[in-house]
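Working through the structure, step by step
Single-letter residue listing:
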Amino acid sequence: MSNKTILICDDDEGILDMLELILEETGYKIIPIKNSLHIYDEIEKQNPDLILLDLWMPVLSGDQVLRTLRKNPETKSLPVIVISASREGERIANEAGANLFLAKPFDLDILIDRVQEIIAA
Amino acid sequence: MFGEILNNYTLDSLKNGEFTLSENSIKQDLSLLIQALDSSISGIILTDNQQPDNPIIYCNKAFEFITGYKRHEIIGHNCRFLQKEDRGQKERSILRKAVEDGAECVVEMRNYQKNGTLFWNELYMSPIKDEQGNVCYFIGVQNDITRRKKAEQELLHQQNIMESQIQERTKSLKESEDYLSSIVQTVRESLVVLNPEFEVLSVNDHFLKTFKVSREETEGKLLYELGNGQWDIGKLKELLENILPTNNPVEEFEVEHDFPHIGKKLMLLNAHRIELEGQYKDRILIAIEDITDRREIERRKDDFLSIASHELKTPLTTIKGYIQVMQRLLPDSVGDKLKEILNKTGIYVERLNSLIAELLDMSKIQTGNIELHKETFDFDKAIHEAVENMQAATKTHHIIIRGHATNNYTGDESHIIQVINNLLSNAIKYAPDSEEVQVYLSRVSNFLKVSVSDKGMGIKIEEQKKIFDRFYRVGEIQQRFPGMGIGLYVCDQIIKNHGGTLWVESEPGNGSTFSFTLPLDEGRFNEQ
């Protein structure tokens, strides 16, 4: 179960740290990305099994990233969980093609459950 | 009387309608004529033009009566003695000229009786000429027209009074018109008056200022042709030509238009078809409020709150996560006190989170900008899920759900779930000593109905209405259950936005039932 990789993209360092700490504990390999501009390179390099993606990020927003991923045949079916504090988050995430949306602040147990479900699938 | 005279005398000198004089009848005839003259109610005099100053040589009884003078006081005088000191009358020159020319004339003049009483004398003067055409005598016939004159003068007086009243009223009308027009010009809203052909009859100063035009290029022109047709706006046409004729007045009609010079304007229009009996028909008054800036400010405020809530929630996410990590990492050996402290911290972080959400909701609802994302969804399933989630989070209460509403409802699912969550959490929060909350789904006519009942403290009748107000919280509850108190206000607005009703039935001590209805016939609601 531990050879899976999760890429987390969020411009907030606190959230990145916190998520890294928790998810590493469950045995996953974590790739934190603060600047969303680097996400495509990292995806190509690391070939993650799941992405946790924030929406409101400077320069390149999460829904832009997600749309691009969905257009690319290689990343088309890559599982993506959108995490956002935006009020419109759920609608934006669904329209952009997310597998799941979790509103910030989320419940850790729920997050871990969903992550495990999606990775196992 | 006159008839008697004719029976007793024969007028020998009057034959075939003409006087012919014979020696033996002259005396008798003369006396008869004099009697006739004396019977006249008109004063009659003869003046002798052949003597200096044209003296009176004959007057009848009526002349004595009219003037109040006796015959001996009259004969020998010139007629003007009746004018006494009132010598300035312009009629005298008419008389003088008639005497000089030997012509007839009629004048009305002020004369005075012997005792000084004024009387109006209508004087008819006619010359008597000899065979050579020289004027020998004048006949004067006088009528006392004082009463007629008085009536005339009274009439004139009345006319003058009336005229001055009219002037006064016109003045006060003008003043009140000025007053009204100064109001119209001072108002900070654009006003336009159109005739039925949509020609601009008048606009106020604020219109000129807002749309940066002059009065000359506006008034008297067709609305649609103003400023190269910049007022030829589809929605405005729709209002004037289709809506206003059947709906009068129309209020709060929103028109957005990009004007060539002043840019994009968002306008709120009130239109009123007006008619003033007998003066004009079907004029159209349009009041235009420029809400461009206001809408922009509202939008910025909403943006600000959205950003603020997003930014506040971001660190909250981290805090919440770490608290949960701490709870997990806590060794079993640690004391209950620390566990309790961590739990409470978690609860208050959660409360902070919902306060941020409430703040955003309230701001959106207040400005009317709450957007509904309507989609068809399985209503019963959504409610069941919401109940399950709530049940999972509460250990103190048992939530029982019964009945069926619909599997097919079109509305904003997330908003409706927000309502049911709010009602459920209230039911749990405000009934801490009971164990049961009931949810009942049903259909009533073309509405679905959801009821949430608790067995809690209940709400006093006088407080039942107020609980839907913003910031209102039932008095004693304020201390025991802190929060912002906008939950029910937001719920009420959401249900209203869906065309439904939210209400409460409650008795203190016997629990409360909050119910809402939503119309199932979506199409019909939209038409209303």
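Residues numbered from 1 in each chain as written. Chains lettered and ligands numbered in written order. Predicted model: local features only at pLDDT ≥ 70, side-chain atom pairs only at ≥ 80, totals over all residues.

**Description of the overall build of chain B**
- Across its full length, chain B holds 17 helices and 19 strands.
- With 528 residues in all, chain B has 21% of them scored as buried.
- In chain B, once contacts between residues fewer than 6 apart in sequence are set aside, the share between residues at least 24 apart is 52%. (Helix = DSSP H or I, 4+ residues; strand = E, 2+ residues; numbered from the N terminus. Buried ≥ 20, exposed ≤ 12 C-beta atoms within 10 Å, placed from the backbone. Contact = placed C-beta atoms within 7 Å.)

**Side note on the packing of helix α12 (residues 379–393) of chain B against helix α13 (residues 413–429) of chain B**
Residue and element names in this part refer to chain B.
- Following both chains from N to C, one finds α12 and α13 inclined at 45 degrees, their axes separated by 10 Å at the closest point. Judged on the interaxial angle alone, α13 and α12 are oblique. As for how α12 packs across α13, the hand of that crossing is right-handed. Facing α12, whose interface residues are Ala382, Ile383, Ala386, Val387 and Met390, α13 presents Glu413, Ile417, Ile420, Asn421 and Leu424.
- Taken together, the residues that form the contact of α12 with α13 break down as eight nonpolar, one polar and one charged. (Axes fitted to C-alpha atoms, helices over the stretch in contact; angles between N-to-C directions. Parallel < 35°, antiparallel > 145°, perpendicular 65-115°, else oblique. Left-handed = near helix turned anticlockwise from the far one by under 90°. Nonpolar A, V, L, I, M, F, W, Y, C, P; charged D, E, K, R; others polar.)

**Description of helix α1 (residues 13–25) of chain A**
- In a regular helix each residue adds 1.5 Å, so 13 residues correspond to 18 Å; α1(A) covers 18 Å between its end C-alpha atoms and thus fits that length.
- Within α1(A) the residues assigned to the buried category are A:Ile15, A:Leu16, A:Met18, A:Leu19, A:Ile22 and A:Leu23.
- Of the surrounding secondary structure, the elements contacted by the buried residues of α1(A) are β1 (5–9), β2 (29–33), β3 (50–54) and α5 (108–120) of chain A together with α10 (292–329) of chain B. (Expected span 1.5 Å × (residues − 1).)

**Brief notes about helix α4 (residues 89–96) of chain A**
Residue and element names in this part refer to chain A.
- Within α4, burial applies to Gly89, Ile92, Ala93 and Ala96. What you see down the axis of α4 is that its buried residues fit within an arc of 100 degrees, all on one side.
- On the buried face of α4, the contacting elements are α3 (62–71), β4 (80–84) and β5 (100–103).
- Residue Gly97 follows α4 closely and has a positive phi angle near 105 degrees. (Arc of directions from axis to C-beta.)

**What to know about the pairing of β4(A)**
Residues and elements named next belong to chain A.
- The element β4 is extensively covered by neighbouring structure, given that five of its five residues are classed as buried.
- Side-chain alternation along β4 places Val80, Val82 and Ser84 on one buried face and Ile81 and Ile83 on a second face that is also buried.
- In this sheet, β4 lies alongside β3 in parallel orientation, the contact comprising four bridges. From the neighbouring strand, Ile51 faces β4, where its bridge partner is Val80.
- In terms of handedness, the path from β3 via α3 over to β4 forms a crossover that is right-handed.
- Here four bridges tie β4 to β5, and the two strands are oriented parallel to one another. Across the sheet, Ser84 pairs through a bridge with Ala103, a residue of β5. (Pairing = 2+ DSSP bridges. Right-handed = clockwise from strand over helix to strand, strands pointing away.)

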